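Next come the chains, spelled out residue by residue.
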Amino acid sequence: MDLGEKRRVLENFAIIAGLIGVQFVYAGNSVLLSYLMSLELNPFSLIIFSTFATFLVLSPISFLFERKQWPKKFSFKLLIQLVLIAFSGVTLFQSLILRGLKLTSPAMATAMPNLAPGFIFAIAWAFRLEKVDASCLYSKMKIVGTLLCVVGAVTMSILQSTTTGVPSAPEVPLSAPLSLGAFDNQKIIGCLYLMVAVFVLSSNIVLQAHTLGDFPAPMSLCAITSLIGVIITGLVELGQDHKFEFGWPEVSVQNFILFSLLAGTISGTCVSFNGWAMKKRGPVLVSMFSPISTVISAALSAITLGEKIRLGSLVGMFLMFTGLYFVLWAKGKEGYATGEGMESGYDVEKPLLS
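Residues numbered from 1 in each chain as written. Predicted model: local features only at pLDDT ≥ 70, side-chain atom pairs only at ≥ 80, totals over all residues. Heavy atoms only, no water.

## Examining the packing of helix H1 (residues 3-38) against helix H11 (residues 290-305)
Here comes step 1: Where H1 meets H11, the closest approach of the two axes is 8 Å, and the angle between their N-to-C directions is 40°. Judged by the angle between their axes, H1 and H11 are oblique. The handedness of the crossing between H1 and H11 comes out as right-handed. Residue-level contacts link Ile 20, Gln 23, Phe 24, Tyr 26, Ala 27, Gly 28, Val 31 and Ser 34 of H1 to Ser 290, Ile 292, Ser 293, Ile 296, Ser 297, Leu 300, Ser 301, Thr 304 and Leu 305 of H11.
Here comes step 2: Split by residue class, the contact of H1 with H11 holds nine nonpolar, eight polar and no charged. (Axes fitted to C-alpha atoms, helices over the stretch in contact; angles between N-to-C directions. Helix = DSSP H or I, 4+ residues; strand = E, 2+ residues; numbered from the N terminus. Parallel < 35°, antiparallel > 145°, perpendicular 65-115°, else oblique. Left-handed = near helix turned anticlockwise from the far one by under 90°. Contact = heavy atoms within 4.5 Å. Nonpolar A, V, L, I, M, F, W, Y, C, P; charged D, E, K, R; others polar.)

This is the structure in structure tokens:
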């Protein structure tokens, strides 16, 4: 085995091991966020601190490696795109995810983002950024995969929300909760939050793909939109609560800031690694590892939070994962069939920065 082949083997091992490690980090972060939300923390404050920490981590990295790719001037159109990406990807998406996580479970919160490839395909198709040929097998597989993802999400939401008389998670106080018979109203609302969040994320990714044509520096884009997102989220919190909340009885300010900085650092590191892995092996391989975090978070939730894994969740996850791999398989095969391979320009699924 020559030196070049050894290097390729080590690189492949680093990519696979790193992608698995990233999913462990995402799963652990989801379980920890679920615990913090159960302490009635303000989601806006959590978003502000963790996103600002992500900006601090990515800024020097993007300056060192991507400053030559920065545009010479920022047009009004580009500024509007940056604000929209920041608002949808930071303020809106993360607040919806945290609210959904509070009402459901970490396993549900990590399973729902597997809808993103299907949603991205549908949105890109609607805006004519994705070509669909009804006679093409790959187009048919992407349509079937998208439908399976949606059916799986709905199935998981409905079956996971059925009440069994045994508490499976701590009750979250809501004012006058509605009664839906055998269904848990809180979990249904939480699942809707998560599905809307994934739709927002998918729209955000399509917008990122378009923006990267004028600003071909993904880490710099993430750093800038993180800073803008911090400002927007702060304004939203100030307008909604008329104050900034930095302390809670259950969590000291120092511990909260420490967690936020740690979360931001880990998030920035994971974003950077995923970006490197996408550049080396393409977005399809990176996306194929996403179901791992769902399995890990379900196991961690059962061990640490005492949550029960229901049959409905497993059925819904299976349908979602099947649909996900249908879309990814078709996308990968389609790329090779058109001669683009795994490194095909600015693909609508490529800038998965979150």
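Now that the structure has been shown, we can carry on.
## Observations concerning the side chain of Gln 81
Here comes step 1: Mapped onto the fold, Gln 81 is located in helix H3 (residues 76-103).
Here comes step 2: Judged by its relative accessible area of 6%, Gln 81 is buried. (Buried < 20%, exposed > 50% of the residue type's maximum accessible area, 1.4 Å probe, protein only.)

## Digging into the packing of aromatic side chains
Here comes step 1: This structure, assessed with the given rule, holds five aromatic pairs.
Here comes step 2: Consider the rings of Phe 52 and Phe 55, whose centres lie 5.9 Å apart with planes at 35°: the pair is tilted. One end of the pair is Phe 52 and the other is Phe 55, both in helix H2 (residues 43-66) and three residues apart, which spans about a single turn.
Here comes step 3: A relative accessible area of 35% means that Phe 52 is categorised as partly exposed.
Here comes step 4: Look at Phe 63 and Trp 70: their rings are 6.0 Å apart centre to centre, the planes differ by 55°, and that puts the pair in the tilted class.
Here comes step 5: Judged by its relative accessible area of 44%, Phe 63 falls in the partly exposed class.
Here comes step 6: On the accessibility criterion, Trp 70 (34% relative accessible area) is partly exposed.
Here comes step 7: Sitting above the plane of the Phe 63 ring, Arg 67 keeps its charged end 5.0 Å from the centroid. (Phe/Tyr/Trp six-rings, centres within 6.5 Å; stacked < 30°, edge-to-face > 60°. Lys NZ or Arg CZ within 6 Å of the ring centre and 35° of its normal.)

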